[in-house]
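# A structural walkthrough
Here's the letter readout for the chains.
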Amino acid sequence: MATPDQKSPNVLLQNLCCRILGRSEADVAQQFQYAVRVIGSNFAPTVERDEFLVAEKIKKELIRQRREADAAAFSELHRKLHSQGVLKNKWSILYLLLSLSEDPRRQPSKALPRDAHSTPYYYARPQTLPLSYQDRSAQSAQSSGSVGSSGISSIGLCALSGPPPAPQSLLPGQSHQASGVGDGLRQQLGSRLAWTLTANQPSSQATTSKGVPSAVSRNMTRSRREGDTGGTMEITEAALVRDILYVFQGIDGKNIKMNNTENCYKVEGKANLSRSLRDTAVRLSELGWLHNKIRRYTDQRSLDRSFGLVGQSFCAALHQELREYYRLLSVLHSQLQLEDDQGVNLGLESSLTLRRLLVWTYDPKIRLKTLAALVDHCQGRKGGELASAVHAYTKTGDPYMRSLVQHILSLVSHPVLSFLYRWIYDGELEDTYHEFFVASDPTVKTDRLWHDKYTLRKSMIPSFITMDQSRKVLLIGKSINFLHQVCHDQTPTTKMIAVTKSAESPQDAADLFTDLENAFQGKIDAAYFETSKYLLDVLNKKYSLLDHMQAMRRYLLLGQGDFIRHLMDLLKPELVRPATTLYQHNLTGILETAVRATNAQFDSPEILRRLDVRLLEVSPGDTGWDVFSLDYHVDGPIATVFTRECMSHYLRVFNFLWRAKRMEYILTDIRKGHMCNAKLLRNMPEFSGVLHQCHILASEMVHFIHQMQYYITFEVLECSWDELWNKVQQAQDLDHIIAAHEVFLDTIISRCLLDGDSRALLNQLRAVFDQIIELQNAQDAIYRAALEELQRRLQFEEKKKQREIEGHWGVTAAEEEEENKRIGEFKESIPKMCSQLRILTHFYQGIVQQFLVLLTTSSDESLRFLSFRLDFNEHYKAREPRLRVSLGTRGRRSSHT
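Scope of this entry: the structure provided in the associated data block. (Residues numbered from 1 in each chain as written. Predicted model: local features only at pLDDT ≥ 70, side-chain atom pairs only at ≥ 80, totals over all residues. Heavy atoms only, no water.)

## Concerning the overall build of the chain
Selection criterion: Strands here mean DSSP runs of E at least two residues long; helices mean DSSP runs of H or I at least four residues long; both are numbered from the N terminus. Partly exposed residues are those whose accessible area sits between 20% and 50% of the maximum for their type, while under 20% is buried and over 50% is exposed, using a 1.4 Å probe and protein chains only. Contact criterion: two residues are considered in contact whenever any of their non-hydrogen atoms come within 4.5 Å of each other.
A tally of helices and strands in the chain yields 34 helices and eight strands. Counting over 897 residues, the chain shows a buried share of 47%. For the chain, contacts bridging at least 24 residues in sequence account for 74% of all contacts bridging at least 6.

Structure below.
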């Protein structure tokens, strides 16, 4: 049985080296260290990761070597390997076999491959980088005990676009003391590097006895000797490289310092450098400037609690990137000097040059530029607004930049998604620093919870969350709190919603962002539909919301015809009295009597308990008709739909409908008076003209009121109610019901001429109603006078017959003269009655004519058709030229206006 040590990766790698080279463990120590360094560097070749392409290359190589049988055997083995799901990295295995098969004496490629970027990890900032210049011995002592500075001789100098060089290239004669370097490599490069470190190793380089390229030393000692003056000093490239490494950390070097005036790093003017070296140094110094910009932002914001969780996550993401940047600097710094495993300075020159630094810092510079741009763009932002700013930088075609920003976005958005899931699954809002896009107002009372307590902060809505999604998120949490606080329903959220996994980590957030249109949308929709459905079920079943809505239609909008008619009959004796003499308890008793005598008695007791009488504010001269109103008490959850504003609208509509119904009631009494008195007054032929005028005017008024009632009842109330009921049946959440109900009320108010735009029409209509009341009063006075006269005449004839029966003369000459005089006086009053009726008719027709003119100019098509029905015989059209325009022309004119 294999021991655990035999199974460890280090032992397996060492066994592989021994097997390939055919030597003992002691002889392959250097090659083993090299393999550890290569594996730990996280470099990747530039070849395409195509398993079948590598397999084809292997088969072609076997065929080129005339080994057709081996090629067939390999094809069969590859087929079996591909059918197995145990191995995950089949491409890597095939690529290793292909690399091992190549000639180790072949010159390596000189191409500079891009390394693979890995997801950044948190690491402590390396302490191996000195913050000031020291002598070499002090630096040697400082770096000897730290990770990442144990003398990396030539990290990543081999080209990895092709097969790795043979282990013999590490010089067999190198001393065995270099094994300490391999130990340091295993510590330093065991984890993945997120920052680029690539270079090439020209095959023509000669190596020293310690394996360090000596051809590089020419660049390290090269100095500009032409044109030297006494005021300048010569600077070696090695010193310039050392300065650059300090500048990378934001520390001024000896020759490169920060110019605060121009806000950039500059090479000292007295430095004797060629123009190319000076330009290269300035280009490299940009990394230090970018580093300072990012570090300054994180230092300022990291301790600012008001920055919130999203801001702290952003700072943490920047810290991660800076730590990976520091790891790169640690590796570069280790190139400046080489030490043995005992910390003794070997005194060898470094292989670092400015040009190599340009190559190795190319990708880190891009990353720092991206981070600096993010820092600039995120200034003054927090919460969801900060997440939107970061998300804006994901819309780029550069895959490296996009992956970097997406990683930062996953960290930044994690608190936002945590807020979101806590809100939609628990209804809890723990937003101390006001970062979430749902805001809560603690001063709002429970009765206004749905309308005013929770709102959207539009500035904090992340750009990756749509407005429709944010509205649903608001409704989900609001529904949960409404159920708990207003409906007193303590059902756990888990029974309402099938709770799914939330964003427990930044990786979960990152996975969610990859499928915003499906996974994230699916979670929001599921929670929205299930919560809203549960809330509507509670309102309809437990609180009878739809029943109360129908009760409003039946009573406040006069839909229960038999109840309204009987109530008006019972109230007539009370309402004709002055308003100051009315008592609410008397009217309430009459209301209960009307309920018991009509079909209203079959409504549920809960609805009838809420039905009540209300007396409006009394003005001088008002009668009971002017102040009477029905009322409907609402409380609890249903008050969320029937708010105070809605109930005031219902009362306005009720008063209008009640007045219109009263006009119909008055005209009915007028017609009854006509029919009842026509036979009685048949013996007074002189009175027939008055009766005819009353009949004509009343008929005009009846036609007007019938058309108005038809318009109000069918075209306004019934059509609007049918539309409301369909919307309520199809509503997905409580907001849909509230919105549909508000649209219903707004529609009937505007079409019943109760809005501000229809004030002139309403005044004309009220004037028509006043003329109907005037006709009732005038007719009552005329009938009263006529009936009194008829009564006197009948009494005179009765007295005359009684005397004849007794054998006396029927009347004396004096009595007959007195009777004729009285009749003459009555006949003289008839023209006055006719004149009064003509004046009343003139006023009425003038008001109706003006009302029709206003209707023809209305923007509402139904009102224009109402004018046509009111003047069906074109009586008013013949008198008024403005009414002679066709309906089509009216419509076109109103649309243009």
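Moving on from the model shown.
## Considering helix 14 (residues 362-377)
The test is simple: Here, expected helix span is obtained from the residue count minus one, scaled by 1.5 Å.
Spanning 16 residues, helix 14 covers 23 Å between terminal C-alpha atoms, matching the ideal 22 Å at 1.5 Å per step. Listed as buried for helix 14 are Asp363, Pro364, Lys365, Arg367, Leu368, Thr370, Leu371, Ala372, Leu374 and Val375. Elements in contact with the buried residues of helix 14: helix 11 (275-302), helix 12 (308-334), helix 13 (354-360), helix 15 (383-391) and helix 16 (399-426).

## Brief notes about the state of the cysteines
This is how it is decided: Defined by distance alone, a disulfide is two cysteine sulfur atoms within 2.5 Å.
For the coordinates displayed, the defined rule picks out zero disulfides. The thiol sulfur of Cys378 is not disulfide-bonded, and the nearest other cysteine sulfur, from Cys315, lies at 9.9 Å. For Cys378, a relative accessible area of 0% puts it in the buried group.

## Considerations on the pattern of salt bridges
As a reminder of what qualifies: What counts as a salt bridge is simple: a side-chain nitrogen of Lys or Arg found within 4 Å of a carboxyl oxygen of Asp or Glu.
Applying the stated rule across the entire model yields 37 salt bridges. The closest approach of N and O atoms between Lys369 and Glu286, which form a salt bridge, is 3.8 Å. With Lys369 in helix 14 and Glu286 in helix 11, this pair connects stretches of sequence that are 83 residues apart. Under the relative-accessibility criterion, Glu286 is labelled partly exposed at 28%. For Glu723, the salt bridge identified is with Lys727, shortest N-O distance 3.5 Å. Here the residue Glu723 and the residue Lys727 both occupy positions in helix 28 (residues 688-730), the gap between them amounting to four residues, near one helical turn.

## Quick word on the packing of helix 12 against helix 14
Applied cut-off: All axes are obtained by fitting lines to C-alpha atoms, using only the stretch in contact for helices, and the reported angles, taken between N-to-C directions, cover 0 to 180 degrees. Comment on the angle field: the value is read as roughly parallel under 35 degrees, roughly antiparallel over 145, roughly perpendicular from 65 to 115, and oblique elsewhere. It is the rotation of the near helix from the far one that decides the hand of a crossing: anticlockwise by less than a right angle makes it left-handed, clockwise makes it right-handed. For this classification, the nonpolar set comprises Ala, Val, Leu, Ile, Met, Phe, Trp, Tyr, Cys and Pro, the charged set comprises Asp, Glu, Lys and Arg, and every other residue, Gly included, is treated as polar.
Running from N to C, helix 12 and helix 14 point in directions that differ by 155°, and their axes come no closer than 12 Å. The angle between helix 12 and helix 14 places the two elements in the roughly antiparallel class. For the element pair helix 12 and helix 14, the recorded crossing hand is left-handed. For the pair helix 12 and helix 14, the contacting residues are Phe314, Leu318, Glu321, Tyr325 and Leu328 in the first and Pro364, Arg367, Leu368, Leu371, Leu374 and Val375 in the second. Broken down by class, the residue content of the contact of helix 12 with helix 14 amounts to nine nonpolar, no polar and two charged.

## With respect to helix 18 (residues 467-485)
Look at helix 18: 27 Å from first C-alpha to last across 19 residues, which is about the 27 Å you get at 1.5 Å a residue. Burial analysis of helix 18 places 14 of its 19 residues in the buried class, the great majority of the element.

## Let's talk about the packing of helix 4 (residues 51-64) against helix 6 (residues 90-101)
When two helices pack together, their arrangement is captured by the angle between the axes and the distance separating the axes. With their axes 9 Å apart at the nearest point, helix 4 and helix 6 run at an angle of 25° to one another. Relative to helix 6, the element helix 4 lies roughly parallel. Every pair of crossing elements has a handedness; the one defined by helix 4 and helix 6 is left-handed. In contact with Glu51, Val54, Ala55, Lys57 and Ile58 of helix 4, helix 6 contributes Lys90, Trp91, Leu94, Tyr95 and Leu98. Across the contact of helix 4 with helix 6, the residue classes break down as seven nonpolar, no polar and three charged.

## Some points on the nonpolar core
Going by this rule: Think of a nonpolar core as a cluster: buried Ala, Val, Leu, Ile, Met, Phe, Trp, Tyr and Cys residues, connected wherever their side-chain atoms sit within 4.5 Å.
By size, the foremost hydrophobic cluster in this structure holds 201 residues, and its most contacted members are Phe563 and Phe687. Ranked by residues supplied to this core, first place goes to helix 28 with 17 residues. Ignoring anything within four residues of it in the chain, the contact list for Phe563 reads Tyr555, Leu591, Ala594, Val595, Thr598, Ala600, Leu611 and Leu630. In this structure, Ile58, Leu62, Trp91 and Tyr95 belong to the second largest nonpolar core, which totals 10 residues.

Read these as spatial facts, not as claims about activity.
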